[in-house]
Amino acid sequence: MTKAVIAATGLFTPEQSISNEELVAAYNAYAERFNAAHAAEIAEGDVAELTPSSVEFIEKASGIKSRFVLDKTGILDPERMVPHLPARSNDELSILAEMAVKAAEQAIKAWGKPVSEIGAVLCAASNMQRPYPAMAIEVQQALGIEGFAFDMNVACSSATFGIKTAADFIASGSVKAVLMVNPEICSAHLNFKDRDSHFIFGDVATAVIVEAEDQAAPGGWEVLGTRLKTVMSNNIRNNFGFLNKAALPTDAVEPLQSNGLTDKMFVQQGRKVFKDVVPMVADMIVDHAAELDIDPTGLKRMWLHQANINMNQFIGRKVLGREPEPHENVIILDEYANTSSAGSIIAFHLHQDGFEPGETGLICSFGAGYSAGTVFVSKRA
Ligand code: COA
């Protein structure tokens, strides 16, 4: 059975970023206008008054200070609260594929081999912009890759599910190298008029090249083991899909927020998610480490899914059995917010320094489904 290696990674970060202060100012302006426009119904008790959002709450509850987005002006316009992401013709590269290609080009450059050596492309992400043709096939074509490609969606866990899929392809001999991309346009599925969740997500794309060990150049990361888990829950849900299309005006060219379908967008019971997912993931990491004969307290670094600072600190403490140092439990959500499947890969991409060959780390994701994935890696000489 051929072992898999994470040979290279890439990251595309949008140019525009929104601070909590800017986001809260836009929400509060929207709420003020809403309350003024519905003053009579609010006084009668027929409409609930909107309460202001707060920078302090957001930072304390989530650890998020800012988020990158593809379009800032549409989101921050209190009359709109939706990014401007105009539809593209079928002949243009789709916006999701475009982001993925940018991240992939960086990974391919770092890898240093021709794309003819890649046998498969996986687009593993939370929110695909259409059912088919697969975005992965579009990325494949844009990069001139042969072989096969497909999309897979396991919400925030998509990247670890993608790495395991790639590692299994390599183990079975199906292909020798896989490109996995995680383009996430979370801002198109987030209801910026919802105070409970308007601060949560950001946009980004990541890319990972997984390759057979017997042909990999020195360096990179040996995949020591992968494990996946899913447990049905409605506590994080997104109901958008083709059955809702009938509700869209025929000329709809904007993200779905502008079509009044906010009840079909991301929604969560954050407290319940926290309570259910944290113990599930901590136990999974410890169990999986035991199976691989790895002492979890000896992990050099964890690159966890980036949803909430308190969740990550809690899991970090449970796994290491003590308070992790910042370099042991990487946090990037302060700058990037929750970027769904891409979060753990951004952390991994940006913070790989200081490892000696043989030292171990953990890429771990968790999210809607519920779903969780663990990928233990070891630095190669
Ligand atoms: N500004 C100010 N106050 C706010 C607010 C905002 N934007 N949003 C909510 N609040 C208020 C609530 O109204 C509530 O007030 P009350 O106690 O008077 O009713 C209070 O803050 C606490 O709200 P709650 O939703 O319980 O906050 P929380 O501490 O659970 O934090 C999350 C919210 C979403 C940050 C947190 O639950 C979380 O991150 N959970 C994990 C979610 C997750 O990982 N999801 C994965 C997605 S892939």
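Computed from a predicted structure; not experimentally measured. (Residues numbered from 1 in each chain as written. Predicted model: local features only at pLDDT ≥ 70, side-chain atom pairs only at ≥ 80, totals over all residues. Heavy atoms only, no water.)

Peer 1: Would you mind showing me how to read the overall build of the protein chain here?
Peer 2: Counting secondary structure elements, the protein chain contains 11 helices and 13 strands. Its C-alpha radius of gyration of 21 Å places the protein chain within 12% of the 21 Å reference for a compact globule of 381 residues. Its C-alpha atoms give the protein chain principal-axis dimensions of roughly 70 × 50 × 35 Å. Sequence-distant contacts in the protein chain: of pairs separated by 6 or more residues, those separated by 24 or more amount to 79%. Total accessible area computed for the protein chain in this model is approximately 16400 Å², and 52% of it derives from carbon and sulfur atoms. (Helix = DSSP H or I, 4+ residues; strand = E, 2+ residues; numbered from the N terminus. Rg over C-alpha atoms; globule rule 2.2 N^0.38 Å. Contact = heavy atoms within 4.5 Å. Areas by Shrake-Rupley, 256 points an atom, 1.4 Å probe, with all protein chains shown as cover.)

Peer 1: I'm lost on the pairing of strand β5 (residues 148-152) in this one. Help?
Peer 2: Two faces, one strand: in a regular strand the side chains alternate between the faces of the sheet. Bridge analysis of strand β4 (residues 120-124) against β5 gives five bridges, and the strand direction is parallel. Paired with Ala 120 across the two strands is Phe 148, which belongs to β5. Taken together, β4, helix α6 (residues 135-143) and β5 constitute a β-α-β crossover, and its handedness is right-handed. (Pairing = 2+ DSSP bridges. Right-handed = clockwise from strand over helix to strand, strands pointing away.)

Peer 1: What exactly am I supposed to notice about the UniProt feature "domain: Beta-ketoacyl-[acyl-carrier-protein] synthase III N-terminal" (unreviewed entry) in the protein chain here?
Peer 2: Sites flagged by UniProt as "domain: Beta-ketoacyl-[acyl-carrier-protein] synthase III N-terminal" (unreviewed entry) map to residues 150-229. With 19% helix and 39% strand, residues 150-229 has its two end C-alpha atoms placed 21 Å apart. (UniProt positions renumbered as here; feature names shortened; annotations may be inferred.)

Peer 1: Just checking my understanding: could you explain the UniProt feature "domain: Beta-ketoacyl-[acyl-carrier-protein] synthase III C-terminal" (unreviewed entry) in the protein chain for this structure?
Peer 2: The sites that UniProt annotates as "domain: Beta-ketoacyl-[acyl-carrier-protein] synthase III C-terminal" (unreviewed entry) are residues 293-377. Along residues 293-377 the backbone is 28% helical and 22% strand, and the end-to-end C-alpha distance reaches 13 Å.

Peer 1: I would appreciate a short explanation of the pattern of salt bridges in the present structure.
Peer 2: A side chain of one charge can pair with a side chain of the opposite charge if their charged atoms are brought near each other. Tallied over the full model, the rule gives 13 salt bridges. Close ionic contact of Glu 211 with Lys 113 constitutes a salt bridge, the shortest N to O distance being 2.5 Å. In this pair, Glu 211 is assigned in strand β7 (residues 203-212) and Lys 113 in the loop between α5 (95-111) and β4, connecting sequence segments 98 residues apart. Look at Glu 211 and you get buried, because its relative accessible area is 1%. (Salt bridge = Lys/Arg side-chain N within 4 Å of Asp/Glu carboxyl O. Buried < 20%, exposed > 50% of the residue type's maximum accessible area, 1.4 Å probe, protein only.)

Peer 1: Looking at this model, I keep getting lost on helix α8 (residues 270-291). Mind explaining?
Peer 2: Helical geometry: 3.6 residues make up each α-helical turn, so side chains three or four residues apart lie on a common side. For α8, which comprises 22 residues, the first-to-last C-alpha distance of 31 Å matches the rise-based estimate of 32 Å (1.5 Å per residue) to within 8%. Looking only at α8, the buried set comprises Val 273, Val 277, Val 278, Met 280, Val 281, Ala 282, Met 284, Ile 285, His 288 and Ala 289. (Expected span 1.5 Å × (residues − 1).)

Peer 1: Even after reading the chapter, I still don't get the environment of His 349, so can you show me in this structure?
Peer 2: Positionally, His 349 belongs in helix α11 (residues 343-350). Spatially, the C-alpha atoms of His 349 and Gly 316 are 19 Å apart, while their sequence positions differ by 33 residues. Not counting residues up to four positions away in its chain, the partners in contact with His 349 are Thr 9, Gly 10, Leu 11 and Gln 106. For His 349, the side chain forms a polar contact with the side chain of Thr 9, separated by 2.8 Å. (Polar contact = N/O pair within 3.5 Å; in protein donor to acceptor, adjacent residues only side chain to side chain.)

Peer 1: Looking at this structure, I do not really get the packing of α5 against α6. What am I missing?
Peer 2: Packed helices, taken two at a time, are described by their axes: the angle between them and the distance between them. The N-to-C vectors of α5 and α6 enclose an angle of 50°; their axes lie 9 Å apart at closest approach. Viewed along their axes, α5 and α6 adopt a mutual orientation that is oblique. In the packing of α5 onto α6, the handedness of the crossing is right-handed. On the side of α5, the interface is formed by Leu 96, Ala 97, Ala 100, Val 101, Ala 104, Glu 105 and Ile 108, while α6 contributes Met 135, Glu 138, Val 139, Ala 142 and Leu 143. Classifying every residue of the contact of α5 with α6 gives 10 nonpolar, no polar and two charged. (Axes fitted to C-alpha atoms, helices over the stretch in contact; angles between N-to-C directions. Parallel < 35°, antiparallel > 145°, perpendicular 65-115°, else oblique. Left-handed = near helix turned anticlockwise from the far one by under 90°. Nonpolar A, V, L, I, M, F, W, Y, C, P; charged D, E, K, R; others polar.)

Peer 1: Mind showing me how you'd approach the pairing of strand β6 (residues 177-185) here?
Peer 2: Counting buried residues along β6, nine of its nine residues qualify, which places the element largely inside the surrounding structure. Taking every second residue as pointing to the same face, both faces of β6 are buried, with Ala 177, Leu 179, Val 181, Pro 183 and Ile 185 on one and Val 178, Met 180, Asn 182 and Glu 184 on the other. Two strands pair when backbone bridges link them, and β4 and β6 are joined in this way by four bridges, in the parallel orientation. Following the sheet pairing, Val 121 is matched in β6 by Leu 179. For β6 and β7, the ladder comprises nine bridges, and the chain directions are antiparallel. In the strand pairing of β7, Val 178 is matched with Val 210.

Peer 1: Help me understand the packing of aromatic side chains, please; the structure alone is not making it clear to me.
Peer 2: Each pair of aromatic rings is reported with the distance of its centres and the angle of its planes. Applying the stated criterion across every chain, the model contains 13 aromatic pairs. With 6.1 Å between their ring centres and 80° between their planes, Phe 57 and Phe 199 make a pair best called edge-to-face. Highlighted residues: Phe 57 in helix α3 (residues 55-62) and Phe 199 in the loop between β6 and β7, separated in sequence by 142 residues. Residues Phe 68 and Tyr 336 carry aromatic rings whose centres are separated by 4.9 Å and whose planes lie at 50° to one another, so their mutual orientation is tilted. Taken as a pair, Phe 68 in strand β3 (residues 66-69) and Tyr 336 in helix α10 (residues 333-336) lie far apart in primary sequence, 268 residues in all. (Phe/Tyr/Trp six-rings, centres within 6.5 Å; stacked < 30°, edge-to-face > 60°.)

Peer 1: For this particular structure, what's the right way to read the side chain of Ser 233?
Peer 2: Inspection of the secondary structure assignment puts Ser 233 in the loop between β8 (221-230) and β9 (236-237). A distance of 3.0 Å separates the side chain of Ser 233 from the backbone nitrogen of Asn 235, its partner in a polar contact. Apart from the residues within four sequence positions on either side, Ser 233 is in contact with Gly 369 and Tyr 370.

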